[in-house]
Amino acid sequence: MKNTKKISKLLIVCIILGLITACTQTSNPVTSSTEETTKGIYTPNTYSATAKGYGGDVTVKIEVDENKILSVTAQGEKETAGIGSKAIEELPVKIFEKQNADVDVIAGATISSNALLSAARAAINEAMGIESTQGKMKPGIYAASAIGFRLFEEVEVNVTVDETSILGIEVSTDNAETKPILQSVIDKMIPRMIEEQSINVDAITGATVSSKAVTTAVTEALNAAYMAGGSSLDSISVFQKDSIKVTGKVETINTKALVIGLGGSGTTAAMRIAEKMYEFDHDSVDVLAIDKAGKFGGTSSVASEMFAVNAPKFQEEFNEGKDYVNKEELRSAWLKYTDGDAKTEMVDLLLDNSGIVVDWLMYDHGYKFSTPKRGFTEADIYEVKYQYLPNDTGTKEYAKTYSYFEGIMEDYTELGGKYLLETEAYELIYDIPSKTVKGVKARSYDGTEYEIYAEAIVLATGGFAGNGEMETKYFSNEYYPLKGEWKQYGMQQNDGKMIENAINIGANTYNIGMPPMVHVAGTPSFLTGYPRYELPGVIGRMTGRTSIWTPGDIPLNMVIAKNSLAINREGKRFTSEMGIGMLDPWKSGANYFSIWSNDQVQKIKVEGFSVASEGPGTSYLGHQTAIPANIPLPETDEVMQSAIDAGFVYKADTLAELAKLINVDPTTLEETVNTYNGYCQSGQDLDYKKPAEFLVEIGTGPYYAVVGTPYCYSTCGGLDINENFNVLMTDGQTPINNLYAVGTDSMGVLFSEKKPYVTFGGAAQGWAFTSGYLAGGIIAERILEN
């Protein structure tokens with residue numbers, strides 16, 4: 001093993017904060033004058049200042065009398081719960097206790113902490129009568145880095161400055177970030193930073209975490225330039241101007257067809273409309289597609305496979321014209337699984353047309369797929385997963401996958417189709433008497449407002465997994481405890497805003513309360529700053545590089561361990577734990593708890609995990625790979641305490657006390673543990689049939705509860721539609737004129753609220769492409785007939 005530990009930045013932050021205090025002191029020399037002394041340090045009043053945090057503005061208010069700080073409060077509602085929120089809660093207390101802003105950042109919440117401390121310093125300086133002045137930077141090139149989406153490798157930047165300006169910003173792409181996502185930051189955010197001379201430009205939608213990493217690294221580089229120039233770090237405020245926004249500008253756009261969203265379903269719908277119009281008349285193409293993100297492809301561009309049945313041309317080329325699967329048998333299996341709740345006619349549309357769509361994508365638009373494979377489980381015998389080529393669509397290969405979407409959009413624009421990125425639709429323009437959607441209101445990243453009118457409006461917005469309020473509102477499934485805000489491993493811009501708009505004007509929903517799509521579990525937040533070790537010869541799934549693991553992922557490995565005890569929010573067991581890392585965690589709802597005794601934790605410390613954890617969470621969420629089995633982890637106690645401090649591990653001397661900490665009934669938890677221990681002693685799991693080798697008894701206290709979290713890719717249920725993909729009114733029969741829905745906005749018609757997402761493999765991707773293709777053709781024909 002090779003130790004690849006990087007130098008911690010905590011020391012750097014402490015040094016910087018120390019310098020701030022030193023600069024403040026030298027700019028306010030103490031005099032011997034009695035008159036000056038009696039004036040006090042501050043002008044009594046309440047002062048406030050604001051700085052950009054991780055999720056939005058962080059505002060600090062400081063009340064002072066002449067000689068001391070009386071109170072410190074902070075607001076930052078958009079900072080990440082349990083991470084940035086800890087900085088909002090804890091730092092004001094520390095500032096008050098120390099009577100200055102020379103305090104350490106909260107571990108794991110660097111961006112939120114630095115924003116709060118910057119605002120606090122500005123408020124304190126105002127109270128002291130110190131005017132902010134721009135210091136000088138030492139001209140040169142300054143390197144810095146920050147953690148982005150992947151915890152195991154930082155995003156590096158080189159910032160070139162003169163004494164007062166940012167001259168250039170170079171972002172390295174030699175890292176583990178998803179290439180197309182990081183490239184959207186490079187192409188769009190970096191030029192705005194330089195043009196506006198500001199680090200407070202908006203993050204690129206669809207690339208929020210990568211944007212924040214670049215912003216943090218650029219900020220550190222500028223701070224280093226000011227330090228090198230002998231200037232106060234307060235000087236960086238000159239680069240903290242808010243983004244320039246257009247105000248009062250409204251543009252009206254008229255088009256025949258409008259597609260909202262450019263993921264798999266949206267790109268396909270837009271392309272098909274353009275093709276059909278072009279076939280009718282080369283000059284008749286009149287379709288506009290918009291997306292709030294800074295790139296094409298949505299979730300489909302970072303997925304790996306498409307469900308499809310018997311693509312004719314593909315089979316002719318690769319399988320001697322023979323079918324890969326018995327379609328009627330598959331149809332029966334699908335309808336049986338969905339227990340009569342799926343719309344049979346919509347399932348038939350998918351099964352009958354998905355193969356044709358594979359051929360269209362491959363032979364007309366340059367997509368590449370592998371020969372089909374089977375679904376997720378051994379029971380799924382159907383060869384229906386047409387995987388993108390290259391087969392491994394990890395971080396290393398996403399650029400190749402993304403090129404397919406770039407290619408189809410090039411084809412689209414060549415035919416005369418138009419698109420706008422970084423443009424968010426936020427309201428349907430609806431005529432109530434005629435039950436007709438006339439268009440939408442939309443807003444560009446620069447503040448420009450649009451009213452876009454069309455004869456057909458297609459919702460292809462990717463579901464609502466990025467909207468905790470909608471999850472809490474609609475996950476009312478009577479079969480599973482789903483209510484609550486779910487963690488998402490996917491595109492946060494999929495916030496369901498237009499789905500909710502459609503519901504508000506009278507649209508019906510279909511299976512909107514069914515479980516979201518979950519194949520990953522982990523902890524709700526993660527620990528960084530611990531040593532990182534390579535596993536020679538083991539290549540990371542997401543990077544194509546040598547795999548890395550870290551003791552900081554001990555809690556993550558605990559919540560997906562097969563030999564653990566997992567309980568739901570009622571304190572009851574809900575799974576055998578054998579599939580807790582992938583297919584089963586959703587059964588508990590938005591979170592669960594993994595229960596461990598002190599002797600188990602101490603065994604991890606001395607001997608390591610007896611079994612390496614399994615599940616994509618270690619590669620998708622953590623430091624790239626699971627902690628290997630049988631490697632002692634002496635950092636265990638320190639890591640567990642850090643996780644307790646971070647709020648996702650709980651510890652108590654007794655099970656009853658632990659139950660109170662996690663808000664479950666003490667008697668229920670004790671009974672669950674006693675029953676489980678009985679199974680461990682007998683070697684027989686009477687509830688879930690877990691193999692005896694994974695039945696490990698919960699020993700003596702103190703006890704730990706590690707919070708486990710299912711990470712969903714997407715929601716499954718959504719709007720109700722008919723065979724023409726028209727959105728239906730609440731009667732389930734009457735179409736809302738001009739309004740259509742494809743992809744995950746309408747995928748609930750294929751499923752049942754009684755069951756989770758089907759495990760055949762790639763069904764969401766198959767529905768995205770197939771529904772977009774079919775809806776696009778139907779819409780174009782309807783428009784051309786008029």
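Rules of the game
Residues numbered from 1 in each chain as written. Predicted model: local features only at pLDDT ≥ 70, side-chain atom pairs only at ≥ 80, totals over all residues. Heavy atoms only, no water. Pairing = 2+ DSSP bridges. Helix = DSSP H or I, 4+ residues; strand = E, 2+ residues; numbered from the N terminus. Phe/Tyr/Trp six-rings, centres within 6.5 Å; stacked < 30°, edge-to-face > 60°. Buried < 20%, exposed > 50% of the residue type's maximum accessible area, 1.4 Å probe, protein only. Lys NZ or Arg CZ within 6 Å of the ring centre and 35° of its normal. Expected span 1.5 Å × (residues − 1). Contact = heavy atoms within 4.5 Å. Polar contact = N/O pair within 3.5 Å; in protein donor to acceptor, adjacent residues only side chain to side chain.

Peer 1: For this particular structure, what's the right way to read the pairing of strand β5 (residues 154-161)?
Peer 2: With eight bridges connecting them, strand β4 (residues 140-147) and β5 associate as antiparallel partners. Each residue of the ladder has a partner; that of S145, found in β5, is E156. Both β5 and strand β6 (residues 166-171) contribute to a ladder of five bridges, which runs antiparallel. For N158, the partnering residue across the bridge sits in β6 and is E170.

Peer 1: Mind showing me how you'd approach the packing of aromatic side chains here?
Peer 2: The geometry of an aromatic ring pair is captured by the separation of the ring centres together with the interplanar angle, meaning the angle of the planes. In this structure the tally under the stated criterion is 25 aromatic pairs. Ring plane angle 45° and centroid distance 6.4 Å describe the contact between Y226 and F239, whose orientation is recorded as tilted. Of this pair, Y226 sits in helix α6 (residues 208-228) while F239 sits in the loop between α6 and β7 (250-254), and the two are 13 residues apart along the sequence. Like Y226, the residue F239 is buried in the burial classification. Plain terms: the ring middles of Y489 and Y713 are 6.0 Å apart, the flat faces sit at 70° to each other, and that makes the pair edge-to-face. With Y489 in the loop between β17 (487-488) and α13 (497-504) and Y713 in strand β25 (residues 703-714), this pair connects stretches of sequence that are 224 residues apart. Cluster of aromatic residues (ring-pair linked, three or more members): F307, W334, Y382, F751, Y757 and F760. The cationic tip of R443 hangs over the ring face of Y426; the distance from NZ or CZ to the ring centre is 4.3 Å. The aromatic ring of Y337 is capped on one face by K755, whose charged end is 4.6 Å from the ring centroid.

Peer 1: Help me out: how do you make sense of helix α19 (residues 666-682) in this one?
Peer 2: Note: α-helices contain 3.6 residues per turn, so residues at a spacing of three or four share the same orientation. Between its first and last C-alpha atoms α19 spans 24 Å; for 17 residues at 1.5 Å apiece the expected length is 24 Å, and the two agree. Those residues of α19 hidden inside the fold are in contact with β22 (565-567), β23 (592-597) and α18 (655-661). Downstream of α19 by one or two residues, G683 has phi in the positive range, about 75°.

Peer 1: What's the story with the environment of T50 in this structure? I'm lost.
Peer 2: As for its placement among the helices and strands, T50 is situated in strand β1 (residues 45-52). On a C-alpha basis, the gap between T50 and V60 in space is 6.4 Å, while along the polypeptide they are ten residues apart. The residues touching T50, leaving out its near neighbours within four places in the chain, are D57, V58, T59 and A119. Side-chain polar atoms of T50 contact the side chain of T59, separated by 2.9 Å.

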